[in-house]
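Architecture and fold: a report
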Amino acid sequence: MKILLPPSETKRPGGDGAPLALSSLALPELHAHRSAALDALIELAADEEAARRVLKLSDRQAGDVEHNRTLRTAPTMPAVDRYTGVLFDALDAATLSTASRRWLGEHVWIHSAPLGPIGALDALPTYRLSAGTSVPGLPALRRHWADATSSAIAESAPAFVLDLRSEAYVALGPVPASVPSSYVRVVTEHGRALNHFNKKSKGLLVRALAEDRPRITSLRGLRRWAEKSDVVLRGTDDAGVLELVVAE
């Protein structure tokens, strides 16, 4: 099983890892698209005023231009540690055991806007780019990424994909129909969508999976694990959608 997570706009600064090495990232088929996106972001960062306008940065966020300028030379840290925010705070990967972190590295992709899906333990510098940004010198991110990412997912041939991304990131690389998958929505017992608990619930779900380290190769296997773990995952009228049911 592979789990697709969205990224977070907020990121932990610094790092002590070697600079970004595109050749070491998951889904190596995306190398050319990654390189093109990095080049465009670095070129944009050379004009600070233009970069702040395109990236919609406030005065307080102006330092993010420098982060983009140094994307190829800045220190890195594992992606799952780089991202902060509600989902990643709930996942709290830093407190997991070595075996559980290894499980994350083997089973979790985090969908970065400039790099596409990367492994949870892949080395990542800090950056600024969201799914809806149009970067000069690149096609719209959806056009740049969608077909290439879907193709790369298909080529990696996962037995089953659990898609926890937001719709904006799904658009940057839909799971192809040839790959068994389920998209997760977070709801109450009565089916009401829960925006506030959405990210937290997804982070807690991935943490529970990492702690248990189950061998899951199908939707049936996932639901069997959920039942044993007191996690409520229920099907919907849409065969490709699961509801993660949580208390309000």
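The structure under discussion appears in the preceding block.
Residues numbered from 1 in each chain as written. Predicted model: local features only at pLDDT ≥ 70, side-chain atom pairs only at ≥ 80, totals over all residues. Heavy atoms only, no water.

**So, the nonpolar core**
Short version of the rule: Buried residues of nine kinds, namely Ala, Val, Leu, Ile, Met, Phe, Trp, Tyr and Cys, make up a nonpolar core once their side-chain atoms join them within 4.5 Å. The rule is simple: take the accessible area with a 1.4 Å probe, protein chains only, and divide by the maximum for that residue type; under 20% is buried, over 50% is exposed, in between is partly exposed. Each helix corresponds to a stretch of at least 4 residues labelled H or I by DSSP, and each strand to a stretch of at least 2 residues labelled E; elements are numbered beginning at the N terminus.
Ranked by size, the top nonpolar core spans 75 residues in total, and within it Ile 3, Leu 104, Leu 162 and Leu 222 carry the most contacts. With six residues, the single largest contributor to this core is helix α1 (residues 31-45).

**As for the pairing of strand β7 (residues 181-187)**
The condition that has to hold: Strand pairing is defined by DSSP finding a minimum of two bridges between the two strands.
For β7, the tally of buried residues reaches five of seven residues, placing the bulk of the element in the interior. Relative to β7, strand β6 (residues 161-163) runs parallel, the two being bridged by three bridges. Bridge pairing in β7 links Val 161 to Ser 181.

**Remarks on the pattern of salt bridges**
How we decide: Here, a salt bridge means any side-chain nitrogen of Lys or Arg that lies within 4 Å of a carboxyl oxygen of Asp or Glu.
Using the criterion set out here, one finds nine salt bridges in the structure. Between Asp 39 and Arg 72 there is a salt bridge, with its nearest N and O atoms 3.0 Å apart. Of this pair, Asp 39 sits in helix α1 while Arg 72 sits in the loop between α3 (63-69) and β2 (77-78), placing them 33 residues apart in sequence. Exposure remark for Asp 39: the relative accessible area of 40% places this residue in the partly exposed category. Put simply, Asp 59 and Arg 52 hold a salt bridge, and the shortest N to O gap is 2.3 Å. Given the relative accessible area of 64%, Asp 59 is considered exposed. Among the charged side chains, a salt-bridge network with shared partners connects Glu 9, Asp 64 and Arg 128.

**Regarding helix α2 (residues 48-55)**
Applicable threshold: In this description, one arc is meant: the one made by directions from the helix axis to the C-beta atoms. Here, two residues are considered to be in contact whenever any of their heavy atoms come within 4.5 Å of each other.
Residues of α2 that are buried include every one of Ala 50, Ala 51, Val 54 and Leu 55, and no others. The buried residues of α2 occupy one face: seen down the axis, they fall within an arc of 115°. Along α2, exposed side chains directed more than 90 degrees from the buried face belong to Glu 49 and Arg 53. Of the surrounding elements, those touching the buried residues of α2 are α1 and α3. Phi for Lys 56, located one or two positions after α2, is positive at around 55°.

**Some details on the environment of Ala 131**
Among the structural elements, Ala 131 can be located in the loop between β5 (123-124) and α7 (141-156). Considered as a pair, Ala 131 and Tyr 169 are 38 residues apart in the sequence and their alpha carbons are 6.3 Å apart. Apart from residues no more than four positions distant in its own chain, Ala 131 is found in contact with Ala 113, Leu 141, Ala 168, Tyr 169 and Leu 172.

**A short note on the layout of surface pockets**
For clarity, the cut-off: In this analysis the probe radius is 1.4 Å and the grid spacing 1 Å, with only protein atoms considered; a cavity is a set of points the probe fits into but cannot get out of, a pocket is an open set with protein on both sides within 12 Å along at least five of seven lines, and lining residues have an atom within 4 Å of a point. Grid points are joined across faces, edges and corners, and a volume is the space filled by probe spheres set on the points. Three classes are used: nonpolar for Ala, Val, Leu, Ile, Met, Phe, Trp, Tyr, Cys and Pro, charged for Asp, Glu, Lys and Arg, and polar for all others, with Gly counted as polar.
In this structure, the largest pocket spans a volume of roughly 280 Å³. Around the largest pocket, the lining is made up of 17 residues, and of these Pro 6, Pro 7, Ser 8, Leu 87 and Lys 199 lie nearest the centre. Elements that contribute at least two residues to the lining of the largest pocket include exactly α5 (86-91) and α9 (195-212). Counted by class, the lining of the largest pocket contains seven nonpolar, six polar and four charged residues.

Note that all results are geometric; they support no functional claim without further evidence.
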